[in-house]
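Descriptive structure summary
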Amino acid sequence: MSDHSSDGGRSALLFEQPASFEFTAENLERAKYHIAKYPPGRQASAVLPLLDLAQRQHDNWLPKAAMDYVGEMLEMAPIRIYEVATFYTMFNLRPVGQWFLQACTTTPCWLRGSDEVVAACKRKLGIGVGDTTADRQFTLVEVECLGACVNAPILQVNDDFYEDLDGPSTEALLDALAAGKPPPFGSVTGRQGSMPATGKTTLTEFPPAQNGKSNDAR
Ligand code: FES
């Protein structure tokens, strides 16, 4: 995985960190649910979902107080928590914008025009990779494969994937996000599933019916 922080996350300590953190009652129940999946003494196995819960509760970034809180809950030494949080790039160690843009630039997306997507973000938002806009609306990072290569290039916006993008469609997406009206996620060209861009090339006819049963495979 790539490290999308320009400094490996070390500058997180330069931001104002909250003095304390604790789960909401709802998230505390969720945390207990995750911990209960593992045998007694193995509660540390729940570290990833608990850090994810903490990050979601805290505006999509993970302050040190939250890491320490999760560490205490799981009876893990603080260094063990920091090791996990700094290793996985899905954890943001400093504040990010309301719309967290993760542009995939790995080979399949690159071959399908991810340079245009990144350039459109930079042009439209006036920021570089790793930066956040002054109004805190957008953060842009580059990431490795998001696992959706068939509909490349991909821009992940918070939890959603926007697919089959190019420069103009990326700019239109950013306009919609800035207006607080995120469009439906998925392929922006409207192709279904991962069929070829020119339409189906296989399974274009219904197979013959068998045993008197219809094979309506639509
Ligand atoms: S290379 Fe971009 S989703 Fe796989």
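Everything in this summary refers to the structure shown in the same document. (Residues numbered from 1 in each chain as written. Predicted model: local features only at pLDDT ≥ 70, side-chain atom pairs only at ≥ 80, totals over all residues. Heavy atoms only, no water.)

**So, the sheet that holds strand β5 (residues 186-187)**
- Reading across from one edge, β2-β1-β3-β4-β5 is the order of the 5 strands in this open sheet, with mixed pairing throughout. Two strands bound the open sheet, and with one partner strand each, they are β2 (138-143) and β5.
- Strand direction decides the pairing type here: strand β3 (residues 155-157) and strand β4 (residues 160-163), joined by 3 bridges, are antiparallel. Residue pairing across strands places V157 opposite D160, the latter belonging to β4.
- On top of the sheet, helix α7 (residues 167-178) reaches β1 (99-104), β2, β3 and β4; it is set at about 5° to β3, its chief contact. (Pairing = 2+ DSSP bridges. Helix = DSSP H or I, 4+ residues; strand = E, 2+ residues; numbered from the N terminus. Contact = heavy atoms within 4.5 Å. Axes fitted to C-alpha atoms, helices over the stretch in contact; angles between N-to-C directions.)

**Considerations on the pairing of β2**
- Where burial is concerned, most of β2 is hidden: 5 out of the 6 residues are buried.
- One ladder, built from 6 bridges, connects β1 with β2; its direction is parallel. Bridge pairing in β2 links F100 to T139. (Buried < 20%, exposed > 50% of the residue type's maximum accessible area, 1.4 Å probe, protein only.)

**Points about α7**
- With 12 residues, α7 ought to run about 16 Å at 1.5 Å a step, and its terminal C-alpha atoms sit 17 Å apart, in line with that.
- Where α7 is concerned, the buried positions are G167, S169, T170, L173, L174, A176 and L177.
- Each element contacted by the buried residues of α7 is listed here: β1, α6 (114-125), β2, β3 and β4.
- At the C-terminal side of α7, G180 shows a positive phi close to 75°. (Expected span 1.5 Å × (residues − 1).)

**Notes on the packing of aromatic side chains**
- Applying the stated criterion across every chain yields a total of 4 aromatic pairs.
- When the centroid spacing of 5.5 Å and the interplanar angle of 75° are considered together, the rings of F21 and Y69 count as edge-to-face. Taken together, the positions of F21 in the segment before α1 (25-35) and Y69 in helix α3 (residues 64-73) put the pair 48 residues apart, joining distant regions of the chain. Judged on exposure class, the residue F21 and its partner Y69 are both buried.
- Judged by centre distance (4.9 Å) and plane angle (90°), the ring pair of F87 and Y88 falls under edge-to-face.
- Here a set of aromatic residues connected by ring pairs shows up, and it is made of F21, F23 and Y69. (Phe/Tyr/Trp six-rings, centres within 6.5 Å; stacked < 30°, edge-to-face > 60°.)

**Observations concerning the environment of D175**
- By secondary structure assignment, the location of D175 is in helix α7.
- Each C-alpha atom of the pair D175 and L125 lies 9.9 Å from the other, and the pair is 50 residues apart in sequence.

**Quick look at the side chain of N151**
- Note on placement: N151 falls in the loop between β2 and β3.
- For N151, a relative accessible area of 5% puts it in the buried group.
- Of note is the side chain of N151, whose polar atom sits 2.8 Å from the side chain of E163.
- If near-sequence neighbours (up to four positions away) are discounted, N151 is found in contact with E163, D164, R191, G193 and S194. (Polar contact = N/O pair within 3.5 Å; in protein donor to acceptor, adjacent residues only side chain to side chain.)

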